[in-house]
Amino acid sequence: MRVHININLLGSCVLTLLVVSYVAWLVLKPEVARFEEVVVADNVVYLPYPSKITNMNVEEAILLRRSIRDYTSDPVKIEHLAMILWAAYGVTDPKWGLRASPSAGATYPLEVYVVIGESSVLVRESEYLRAGVYKYDVHRHLLTLIKTGDLRGELADAALGQKWVRDAPVGIVVCAVFERTVSRYGERGRVRYVPMEVGHLGQNVYLMATALGYGAVVVGAFHDDRVQAVISAKPEEVPMYIIPLGVPSMPPQTSFEDIWRFIEARRSG
Ligand SMILES: Cc1cc2nc3c(=O)[nH]c(=O)nc-3n(C[C@H](O)[C@H](O)[C@H](O)COP(=O)(O)O)c2cc1C
């Protein structure tokens, strides 16, 4: 009887200890961002980790990719922006830190800024990212706030007034630090490799945007110095592309059958 009571007592003690430990762990556990979580802290936005989230094949994305200049008033979801930035220039090789876009000698001359409007990037229900200019940190997959305010109008003015730059909820600005590539490859790096690399990045943005139901257009017509001023780029960061991004008013509807008919007509014509 005595032994029986002691076992009960011991059991209760162990149980109490387990419950107390669990509660203490819940209260004290370190705040680690889970892969699907967005954490907005001070001037940093920790983006949700890249993962497989689309249902579209690459051939469908290529078929449906179009330069889109008309957008609905819908915001861009942060998990989608995160995927588009990762597709642009994110790390795809954890051993060497190689990226989603190829680069001559892996010199990676490009820097990616994001101009975000008011109520334009949805973090979670009725919560938006602060309007401003952000810079994408490739290795840490996060955005750093560079300056606040809705600067899409200024960006559009710097891009010869192109309406889609003003209207799109998000404008991705791709800059090049030529010296990184030129120091290794000389003039060929400047006139060939760096511009080619901007094109690779642009196409990745187009395709990921398409697969996620967004539309984009690469914009090359703008005043470099004015764009540089809007985003507060460093003197050595030369703007190469502005890529407005939003939900298309009229998503492209082309089918493979349409393409077959196109080819057929030309073969028989
Ligand atoms: C280097 C380059 C610069 C471009 N600049 C602009 C631009 O300043 N404004 C614009 O509206 N579209 C621009 N475009 C998009 C083209 O107009 C578009 O790709 C072309 O009309 C073909 O249409 P698609 O992209 O739907 O196939 C540019 C495209 C490239 C490749």
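Here the structure is a predicted model, which means the values were calculated and not measured.

**Q** Mind showing me how you'd approach the pairing of strand β9 (residues 132–137) here?
**A** In terms of burial, β9 is largely enclosed, as 6 of its 6 residues are buried. Strand direction decides the pairing type here: β9 and strand β10 (residues 142–148), joined by 6 bridges, are antiparallel. For D137, the partnering residue across the bridge sits in β10 and is L142. Once β9 ends, the chain turns through 4 residues before running back antiparallel as β10, passing H141 with a positive phi of about 50 degrees.

**Q** Please explain the site of the ligand as it appears in this structure.
**A** Taken together, 13 residues form the shell around the ligand, and within it R65, R66, S67, R69 and Q162 come nearest. The contact in question runs from an oxygen atom of the ligand to an N or O atom on the side chain of S67, over 2.5 Å. At 3.0 Å, a backbone N or O of G220 approaches a nitrogen atom of the ligand. Notes on the ligand: free accessible area 620 Å², of which the protein chains cover 56%. The residue inventory of the shell around the ligand, partitioned by class, reads 7 nonpolar, 3 polar and 3 charged.

**Q** Would you take a moment to explain the sheet that holds strand β13 (residues 238–246) for this structure?
**A** One key point about sheets: their strands pair by backbone hydrogen bonds, in either a parallel or an antiparallel sense. Taking strand neighbours across the sheet as the criterion, the 8 strands line up as β1-β2-β10-β9-β6-β11-β13-β12 in an open arrangement whose pairing is antiparallel. For this open sheet the edge positions go to β1 (39–41) and β12 (215–216), each flanked by a neighbour on one side alone. In the packing of helix α3 (residues 78–89) onto the sheet, contacts are made with β2 (44–46), β6 (110–116), β9, β10, β11 (170–176) and β13, and the angle to β6 comes to roughly 160 degrees. Its contacts with the sheet place helix α8 (residues 224–231) against β6, β9, β10, β11 and β13, and it is angled at close to 65 degrees to β13.

**Q** I'm lost on the nonpolar core in this one. Help?
**A** One recurring pattern in soluble globular proteins: nonpolar side chains tend to sit buried together. Grouped together as the largest cluster of nonpolar side chains are 67 residues, with contacts concentrated most on L81, L143, I172 and L245. Here this core takes 9 residues from α3, the largest share from any one element. Excluding anything up to four places from it in sequence, L245 contacts Y71, V76, L81, I84, A168, P169, V170, I172, A209, Y214, G215 and A216.

**Q** Teacher, can you tell me more about the side chain of E237 here?
**A** Tracing the backbone shows E237 in the loop between α8 and β13. In this structure E237 comes out as buried when scored by relative accessible area, which is 2%. Within the structure, E237 has its side chain in polar contact with the side chain of K135 (distance 2.7 Å). E237 has contacts with E111, Y113, K135, C175, A176, V177 and Q228, leaving out every residue within four places of it along the chain.

**Q** It is not clear to me how the pattern of salt bridges should be interpreted in this structure. Could you clarify?
**A** Any two side chains of opposite charge can pair, given that their charged atoms come close. For the structure shown, the criterion picks out 10 salt bridges. Across the salt bridge formed by R261 and D258, the nearest N and O atoms sit 3.0 Å from each other. Here R261 and its partner D258 are both found in helix α9 (residues 256–268), 3 residues apart, which amounts to about one turn of the helix. Under the relative-accessibility criterion, R261 is labelled exposed at 53%. Here the salt bridges do not stand alone but share partners, grouping E111, K135, R180 and E237 into one network.

**Q** What exactly am I supposed to notice about the sheet that holds strand β8 (residues 127–128) here?
**A** Ordered by their spatial adjacency, 3 strands build an open sheet running β3-β7-β8, and the pairing between neighbours is mixed. Only two strands of the sheet have a single partner each, and these edge strands are β3 (76–77) and β8. Pairing between β3 and strand β7 (residues 121–124): 2 bridges, direction parallel. Following the sheet pairing, K77 is matched in β7 by L122.

**Q** Can you help me understand a nonpolar patch on the surface in this one?
**A** The grouping of F256, I259, W260, F262 and I263 at the surface amounts to a nonpolar patch, some 480 Å² of accessible area in total. Locating I263 in the fold gives a position in helix α9. Of the residues examined, I263 reaches a relative accessible area of 37% and is grouped as partly exposed.

**Q** Would you take a moment to explain the layout of surface pockets for this structure?
**A** Each pocket or cavity is described by its volume, and for the largest pocket that value is around 320 Å³. Listing elements by their share of the lining of the largest pocket, those giving two or more residues are α2 (58–64), α3 and α7 (187–211). Residue composition of the lining of the largest pocket, by class: 11 nonpolar, 4 polar and 1 charged.

**Q** I keep staring at the packing of aromatic side chains and nothing clicks. Help me out?
**A** Aromatic ring pairs are reported here in terms of the distance separating the ring centres and the angle at which the planes meet. For the coordinates displayed, the defined rule picks out 2 aromatic pairs. Summarising the aromatic geometry, the rings of Y185 and Y193 are spaced 5.2 Å apart at their centres and angled 80 degrees between planes, so their arrangement reads as edge-to-face. Among the residues examined, Y185 registers a relative accessible area of 31% and is labelled partly exposed. For Y193, a relative accessible area of 21% gives the class partly exposed. A cation over a ring is seen here: R99 above Y89, with NZ or CZ 4.9 Å from the ring centre.

Here is what the cut-offs are and how they apply
- Residues numbered from 1 in each chain as written.
- Predicted model: local features only at pLDDT ≥ 70, side-chain atom pairs only at ≥ 80, totals over all residues.
- Heavy atoms only, no water.
- Buried < 20%, exposed > 50% of the residue type's maximum accessible area, 1.4 Å probe, protein only.
- Helix = DSSP H or I, 4+ residues; strand = E, 2+ residues; numbered from the N terminus.
- Pairing = 2+ DSSP bridges.
- Near = heavy atom within 4 Å.
- Polar contact = N/O pair within 3.5 Å; in protein donor to acceptor, adjacent residues only side chain to side chain.
- Areas by Shrake-Rupley, 256 points an atom, 1.4 Å probe, with all protein chains shown as cover.
- Nonpolar A, V, L, I, M, F, W, Y, C, P; charged D, E, K, R; others polar.
- Contact = heavy atoms within 4.5 Å.
- Axes fitted to C-alpha atoms, helices over the stretch in contact; angles between N-to-C directions.
- Core = buried A, V, L, I, M, F, W, Y, C linked by side-chain atoms within 4.5 Å.
- Salt bridge = Lys/Arg side-chain N within 4 Å of Asp/Glu carboxyl O.
- Patch = residues over 30% accessible without salt bridge, like charges linked within 9 Å, V, L, I, M, F, W, Y side chains within 5 Å.
- 1 Å grid on protein atoms, 1.4 Å probe; cavity = no way out; pocket = protein on both sides within 12 Å on 5 of 7 lines; lining within 4 Å.
- Points joined across faces, edges and corners; volume = space filled by probe spheres on them.
- Phe/Tyr/Trp six-rings, centres within 6.5 Å; stacked < 30°, edge-to-face > 60°.
- Lys NZ or Arg CZ within 6 Å of the ring centre and 35° of its normal.

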